[in-house]
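Architecture at a glance
In case you want the letters, here they are:
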There are 4 protein chains.
Amino acid sequence: MKQLKVGIIGAGRIGSLHAKSICYNVPTAKVVGITDVFAENAKKVAAELGIEKVYADYKEMLADPEVEAVLVCSSTDTHADIAIEAAKAGKHIFCEKPVDLTPSKVEAVIAAVKEAGVKLQVGFNRRFDHNFANIRSMVNDGKIGDVHIVKITSRDPEPPSAQYAAVSGGMFIDMTIHDFDMACFMAGSEVTEVYANATCLVDPAIGQAGDVDTAIISLKFANGAIGVIDNSRRAAYGYDQRVEVFGSKGAAMASNDTPTNVVYMGADGVVADKPLYFFLERYMQSFRDEMLQFIDAVLEDKPVPATGVDGLNAILIALAAKKSVAEGRPVLISEIK
Amino acid sequence: MKQLKVGIIGAGRIGSLHAKSICYNVPTAKVVGITDVFAENAKKVAAELGIEKVYADYKEMLADPEVEAVLVCSSTDTHADIAIEAAKAGKHIFCEKPVDLTPSKVEAVIAAVKEAGVKLQVGFNRRFDHNFANIRSMVNDGKIGDVHIVKITSRDPEPPSAQYAAVSGGMFIDMTIHDFDMACFMAGSEVTEVYANATCLVDPAIGQAGDVDTAIISLKFANGAIGVIDNSRRAAYGYDQRVEVFGSKGAAMASNDTPTNVVYMGADGVVADKPLYFFLERYMQSFRDEMLQFIDAVLEDKPVPATGVDGLNAILIALAAKKSVAEGRPVLISEIK
Amino acid sequence: MKQLKVGIIGAGRIGSLHAKSICYNVPTAKVVGITDVFAENAKKVAAELGIEKVYADYKEMLADPEVEAVLVCSSTDTHADIAIEAAKAGKHIFCEKPVDLTPSKVEAVIAAVKEAGVKLQVGFNRRFDHNFANIRSMVNDGKIGDVHIVKITSRDPEPPSAQYAAVSGGMFIDMTIHDFDMACFMAGSEVTEVYANATCLVDPAIGQAGDVDTAIISLKFANGAIGVIDNSRRAAYGYDQRVEVFGSKGAAMASNDTPTNVVYMGADGVVADKPLYFFLERYMQSFRDEMLQFIDAVLEDKPVPATGVDGLNAILIALAAKKSVAEGRPVLISEIK
Amino acid sequence: MKQLKVGIIGAGRIGSLHAKSICYNVPTAKVVGITDVFAENAKKVAAELGIEKVYADYKEMLADPEVEAVLVCSSTDTHADIAIEAAKAGKHIFCEKPVDLTPSKVEAVIAAVKEAGVKLQVGFNRRFDHNFANIRSMVNDGKIGDVHIVKITSRDPEPPSAQYAAVSGGMFIDMTIHDFDMACFMAGSEVTEVYANATCLVDPAIGQAGDVDTAIISLKFANGAIGVIDNSRRAAYGYDQRVEVFGSKGAAMASNDTPTNVVYMGADGVVADKPLYFFLERYMQSFRDEMLQFIDAVLEDKPVPATGVDGLNAILIALAAKKSVAEGRPVLISEIK
């Protein structure tokens, strides 16, 4: 069996998740080494999973001829530079989202990848979620007909600290970015205009830090469809992740996944489970499946299912949404480019 | 038992519906007479339901001292004038929506009613729907906490003729007006700003007639909440009427009513009923209950549950939505007043 | 419009329900008179609904040539005798269930009706329930294929007093009788054998009175299908009424009706409505529809949808179930006849 | 980390499933060797999963001092003898169900295990299913109150060949055995009496081979509760696995797991997914979790969650059910012992 040799850059939450996922569930790949700016993190993951090499830094990994592909799971501000270096070193790249907050840097990554002739897949794992992938199939199969309306509900169980929100680039960039990609994925088209109706209702500290925590974002797509995303940083009942696509022939709706489907009927009502707690629980299957498809795309030289351009588009929409809030008007994507 | 004596102006679909509803289900009221610009219509309904008087016109009804309250179910363009005359004649008024397309005329009705000291209830029947009224109770009881987001899905099973859409004032005025009222009802607050992302995807003839048939309307409320309505003139699966209110303590969601709750499991899938066909089926209970409450408000001198101001607010939002589409920008309600 | 003139015998809960139902919702019938062993009850209902005649007793009603059909809503022990007299008087008969606890008396009613050439419909209202009627249609239309298994869940919200259970003939006769009829209705076949696994778990007083309050009743049908009914006199969450029919092509399942379809999602879980409280709420639509069909069967000389033989079959199954509990073995219906 | 060294006897469908499960998902155990009567099977699994030793036969495995525990996944008729030898060799035992078709042989296994002081867990994986385990927790936590009724629906997507049904001991032994264990698990009590209402409606060849394919099995439990299982060898819509427990305080119901929770609404109805295809898909999580608990029970010297006595009880009920069908009467478990 052919096995892709991968190195993982970053041994934090998402890096170790991918490491475990490959070790336990992806027989077509092997993690040959790992690195982290905090060496202890890399060593711990390596010990736990039996990974042979712990590199001093990512440059050492890129210099290792055994490594065929890298997973860029470091902090967001380093994604683009590392990805460009990795491309130059001839490594295939799986890069966590967002690729970068600056469109021109994302474009530089895309260019470097193109020049080097390597694969680049961006970590839009939700495309691989069993529910959402199923709706997308219905769209592709024509069951929905022409897409008229895409609706996404995306609410987190707990807000981040106000500091995080300030550093991350804000809600549209650290949270809604997934929804922006999902909207394009479902509509089968690019966004052309954004109007963000956003406010701070969950935590005043977030507002003081200059960000929003509650939003309704209205979208126009190039193919004529329209869309809406609603976000909250805190849903009392947990992680709320729903998608609906409505078109000329019908509609498809995905509701939340739950730990069980047991219903309890008692004197106080009929009670069902709350949604799975947060993204690690909710999207575990999609994290595994995006990795399987990345490995497969490299080994079999197939197109990757989430490209650098997809990553660029999502960041453009996020920046348009920020501008829309700041200026209180709809913003064209062409204004951002 | 006290019985309110009512007269019905207009024997069309909605007038005869209210006539039947009172005759069969409202023991506290009696329909003493009916009138219609097409006398035959009035005679037919009177014969069927055993209504004693058929008036030559509404002026004759207003002159009848036996009549204590009138139901204004005539064509939209006559609502305001008739309501003002009815107020001057000292009759209590139930007026179908919209009261009028011109805000100043609605204000004139409100003023006339105030001066005459009579009751005015506007026909926002959906406030009385079992599902939506239940969500509103949860909002009032504090189960939702502070309201953050109101979401309304409202899609018709079939588009009207393009001619109708042109005459009616357009989708926002003949269809979304209910949703605008529902949004305020659920948020417990007035709308301050509207951005309508609207297009024509269902029937090109509607677009040629200058109207839209598909829309996502983003709202801001005076209390800080935000909201969104999505509309389509045609859902392949029928009449889609859903409401969701999300707040600091949780969320409540109403799904569609269906003819049965039977689920069929066969080789091709698990199949459930489509929604009840259209508004007559879906909202029959609410049409009856709004009438019960109107009768009760008059007999017991209680506040009406849907006022002239509610009627005015809904038309202001509809006009703002039209302006928003025309100008491609968010529109303040204060710009319309 | 043709209008059937009916008289109502018994002005208790079920008699007044039918009286209201006809007055408000059945334009093809007119209640011309009512009677009750407690004259006050009859007078009260007559006054409330504007019924003209209050008869001293049912014999007076049967002697009134204006009366074309009677509704036998008196106490169970009088059903058969009154029905026989009504048949001899040439009146069509709607008889509440059970017709009688003694099969030979039910047979006597059937014979009297046949001889008189009048219609007899037995009050198995649940056949007309929107959900169950829909499943039956699927059976008839061949969507289920050959019926293999019929499953009925039937649980009351509160047990009756132990005294009532003793007088009524016991749970199988006052409660399960509906389920026995439903089982035959769904299987499209008669029951041939019964095994009742029954016990007293809800209220010891019921057991001391010689009855059961919890049961699983296993059935064999003449057409080869098998079935099961589970009963409880008390479900903490209310009135539980579900039916499932499974066959060679698939299965259909009816769940409980609820006051609303609102779902509340909060920190403690996802909560939906409990079932409609009890039979008056749950089966109001079916009480009305059985009456519409009875009136129609008489006026249009059509077959009635629930016959005297259906009434006889249900009582035979109930008696077999009692014998099965007493003797701890399966009992053939042929043993009871 | 402590790691239990296990050997797997039988490399067929269930043996290789457990092998994969341990290799990929159970870090606390290591498969040191495998064996199969068809050596090729064992070699193939060993190669795929990197298992070091392939034993010539199970005796060689039992003689290997490195092996601490064995998984008995061989053909049913060999389970008991191998388990007894394994106990004598001092190995802990995970034994697939049924332990044996003859109660005395199951008792011999229990005795051997007791004498050797090793652990024995029987492969009732469904106890570990997320839905059913959740209901059991509710029972244990008192949310259901006293258990009154246990209901299990268990239907396969496809019947086995008539030959298999004849060899396997029949439907009650190869299929319902899981449901018998589940019934005891949910009731928290042993079965005392069984009445099986069973027939052949799916495939006449099964009937000709002397078995049934459709059944309703009525149960009495030692604690006073009652129960019912309904089985079919073929549900057109797939694998139907539902459990309901009803008690004095309420009820809990588990519905089927599905590949996605997407609902499609189109002109022909509202369509949801069919259940997961068959036991490998439906119970994958429970196969893994039973293994985790077995390993944990051995390593930490805890009680196993499904004992030899549980295995004995299930086979006794199955034999009682067969006798009940043969003799057409309820059968006491005490008659079988």
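Since we're looking at a predicted model, the values are computed, not measured. (Residues numbered from 1 in each chain as written. Chains lettered and ligands numbered in written order. Predicted model: local features only at pLDDT ≥ 70, side-chain atom pairs only at ≥ 80, totals over all residues. Heavy atoms only, no water.)

What follows concerns the relation of the copies chain A and chain B. Note on the copies: chain A fits chain B at an RMSD of 0.1 Å, the axial shift is 0.0 Å, and the rotation between them is 179°. Both copies are brought into coincidence by an operation consistent with a two-fold rotation axis. Across chain A, the rotation axis passes nearest the C-alpha of Arg329(A), at a separation of 3.0 Å. A shared interface surface links the copies, since 100% of the contact residues of chain A are contact residues in chain B too. (Least-squares fit on C-alpha atoms with pLDDT ≥ 70 in both. Contact = heavy atoms within 4.5 Å.)

In the structure shown here, the tally under the stated rule is 34 aromatic pairs over all chains. Taken together, a centroid distance of 5.2 Å and an interplanar angle of 80° make the contact between Phe278(A) and Phe279(A) edge-to-face. With a centroid separation of 5.6 Å and an interplanar angle of 65°, the aromatic rings of Phe94(C) and Phe294(C) are classed as edge-to-face. Here Phe294(C) lies in helix α12 (residues 284–299) and Phe94(C) lies in strand β5 (residues 92–95), a separation of 200 residues in the sequence. (Phe/Tyr/Trp six-rings, centres within 6.5 Å; stacked < 30°, edge-to-face > 60°. Helix = DSSP H or I, 4+ residues; strand = E, 2+ residues; numbered from the N terminus.)

Our next topic: the sheet that holds strand β3 (residues 53–54) of chain B. Residue and element names in this part refer to chain B. Spatially, β3-β2-β1-β4-β5-β6 is the arrangement adopted by the 6 strands of the open sheet, whose pairing is parallel. A strand with exactly one partner marks an edge of an open sheet, and here the two such strands are β3 and β6 (120–122). Where strand β1 (residues 4–9) and strand β2 (residues 29–35) come together, 6 bridges link them in parallel fashion. Opposite Lys5, over in β2, you have Lys30 as the bridge partner. (Pairing = 2+ DSSP bridges.)

Here the focus is the relation of the copies chain D and chain C. Once chain D has been moved 0.0 Å along the axis and rotated by 180°, it coincides with chain C to within an RMSD of 0.1 Å. Residue by residue, 100% of the interface of chain D is reproduced at the interface of chain C, so both copies engage with the same surface.

So, on to the packing of helix α1 (residues 13–25) of chain D against helix α2 (residues 39–49) of chain D. Residue and element names in this part refer to chain D. Following both chains from N to C, one finds α1 and α2 inclined at 15°, their axes separated by 11 Å at the closest point. Taken as axis vectors, α1 and α2 run roughly parallel relative to one another. In this structure, α1 crosses over α2, and the sense of that crossing is right-handed. Of the residues in α2, those touching α1 at Ser16, Ala19, Lys20, Cys23 and Tyr24 are Val45, Glu48 and Leu49. (Axes fitted to C-alpha atoms, helices over the stretch in contact; angles between N-to-C directions. Parallel < 35°, antiparallel > 145°, perpendicular 65-115°, else oblique. Left-handed = near helix turned anticlockwise from the far one by under 90°.)

Here we take up helix α2 (residues 39–49) of chain B. An α-helix turns once per 3.6 residues; consequently, residues spaced three or four apart project the same way. Residues and elements named next belong to chain B. Of all the positions in α2, only Ala42, Val45, Ala46 and Leu49 are classed as buried. Down the axis, α2 shows its buried residues gathered within 100° of arc, on one side only. Within α2, the exposed residues directed more than 90 degrees away from the buried face are Glu40, Lys44, Ala47 and Glu48. Looking one or two residues past α2, Gly50 carries a phi angle of roughly 70°, positive in sign. (Buried < 20%, exposed > 50% of the residue type's maximum accessible area, 1.4 Å probe, protein only. Arc of directions from axis to C-beta.)

This part covers the packing of helix α5 (residues 103–116) of chain A against helix α13 (residues 308–327) of chain A. All names here are of chain A. At a closest axis distance of 10 Å, the pairing of α5 and α13 adopts a crossing angle of 175°. Put simply, α5 runs roughly antiparallel to α13. In this structure, α5 uses Pro103, Val106, Glu107 and Ile110 to contact α13, whose residues at the interface are Gly308, Val309, Leu312, Ile315, Leu316 and Leu319. Each residue belonging to the contact of α5 with α13 can be placed in one class, and the counts come to 8 nonpolar, 1 polar and 1 charged. (Nonpolar A, V, L, I, M, F, W, Y, C, P; charged D, E, K, R; others polar.)

Time to look at the interface of chain D and chain C. Counting residues at the interface gives 40 residues for chain D and 40 residues for chain C. Taken together, both faces of the contact between chain D and chain C bury some 3,000 Å²; the carbon and sulfur share is 60%. When the shortest N-O distance is used, the salt bridge between Arg242(D) and Glu244(C) registers 2.9 Å. In this assembly, chain D and chain C are joined by 16 residue pairs in polar contact (both at pLDDT 80 or more). Looking at side-chain class alone, the side of chain D that touches chain C contains 17 nonpolar, 13 polar and 10 charged residues. (Buried area = accessible area lost by both parts, 1.4 Å probe. Salt bridge = Lys/Arg side-chain N within 4 Å of Asp/Glu carboxyl O. Polar contact = N/O pair within 3.5 Å; in protein donor to acceptor, adjacent residues only side chain to side chain.)

Residue and element names in this part refer to chain A. Cis geometry marks the peptide bond from Lys97 to Pro98; its omega dihedral reads -10°. Secondary-structure assignment places Pro98 in the loop between β5 (92–95) and α5. In this model, Asp301 sits at a positive phi of 50°, which is unusual for a non-glycine residue. Of note, Asp301 is situated in the loop between α12 (284–299) and α13.

Further remarks concern the nonpolar core. In this structure, Ile93(C), Phe172(C) and Leu219(C) are the most contacted members of the largest nonpolar core, which totals 106 residues. Excluding anything up to four places from it in sequence, Ile93(C) contacts Val70(C), Val72(C), Ala83(C), Ala86(C), Ala87(C), Val113(C), Val118(C), Lys119(C), Leu120(C), Gln121(C) and Phe294(C). With 105 residues, the next largest nonpolar core counts Ala11(A), Ala69(A), Phe94(A) and Ile177(A) among its residues. (Core = buried A, V, L, I, M, F, W, Y, C linked by side-chain atoms within 4.5 Å.)

Once that is clear, we can look at the sheet that holds strand β1 (residues 4–9) of chain A. In a beta sheet, neighbouring strands are held together by backbone hydrogen bonds and run either parallel or antiparallel to one another. All names here are of chain A. Taken together, 6 strands build an open sheet; the order of strands is β3-β2-β1-β4-β5-β6 and the sheet is parallel. The open sheet has two free edges, formed respectively by β3 (53–54) and β6 (120–122), since each of these has just one partner strand. Against the sheet, helix α4 (residues 79–88) touches β1, β4 (69–72) and β5, its axis set at about 165° to β5.

This next bit is on the pattern of salt bridges. Summed over all chains, the structure comprises 108 salt bridges over all chains. The residue Lys302(A) makes a salt bridge to Asp296(A) at a minimum N-O spacing of 2.6 Å. Exposure remark for Lys302(A): the relative accessible area of 39% places this residue in the partly exposed category. Taking the shortest distance from any N to any O, the salt bridge between Arg329(B) and Glu335(B) comes out at 2.7 Å. In this structure Arg329(B) comes out as partly exposed when scored by relative accessible area, which is 28%. By relative accessible area, which is 34% here, Glu335(B) ends up partly exposed. Look at the salt bridges and you will find they share partners, linking Lys151(A), Glu244(A), Arg155(B), Asp230(B), Asp240(B) and Arg242(B) into a network.

Between chain A and chain B, the contact holds 40 residues from the first and 40 residues from the second. Summed over the shared surface of chain A and chain B, the result is 6 salt bridges. One salt bridge in this structure joins Lys151(A) and Asp230(B), with 2.8 Å as the shortest N-O distance. Linking chain A with chain B are 16 residue pairs in polar contact (both at pLDDT 80 or more). Of all elements in the fold, only β7 (147–155), β8 (191–199), β9 (214–221), β10 (226–232), β11 (240–247) and β12 (250–254) of chain A reach the threshold of two or more residues within the side of chain A that touches chain B. The residue makeup of the side of chain A that touches chain B, split by class, is 17 nonpolar, 13 polar and 10 charged.

Across chain A, pLDDT averages 96, with 99% of residues at or above 70. Overall fold confidence for the complex sits at a pTM of 0.96, while the interface term, ipTM, reaches 0.95. (pLDDT = per-residue confidence, 0-100.)

All names here are of chain A. With respect to burial, β9 is a largely interior element, 7 of its 8 residues being buried. Pairing analysis gives 8 bridges linking β8 to β9, with the strands arranged antiparallel. Bridge pairing in β9 places Val194 opposite Leu219. In this structure, β9 lies alongside β10, joined through 7 bridges in antiparallel fashion. Along β10, the bridge assignment pairs Ser218 with Val228.

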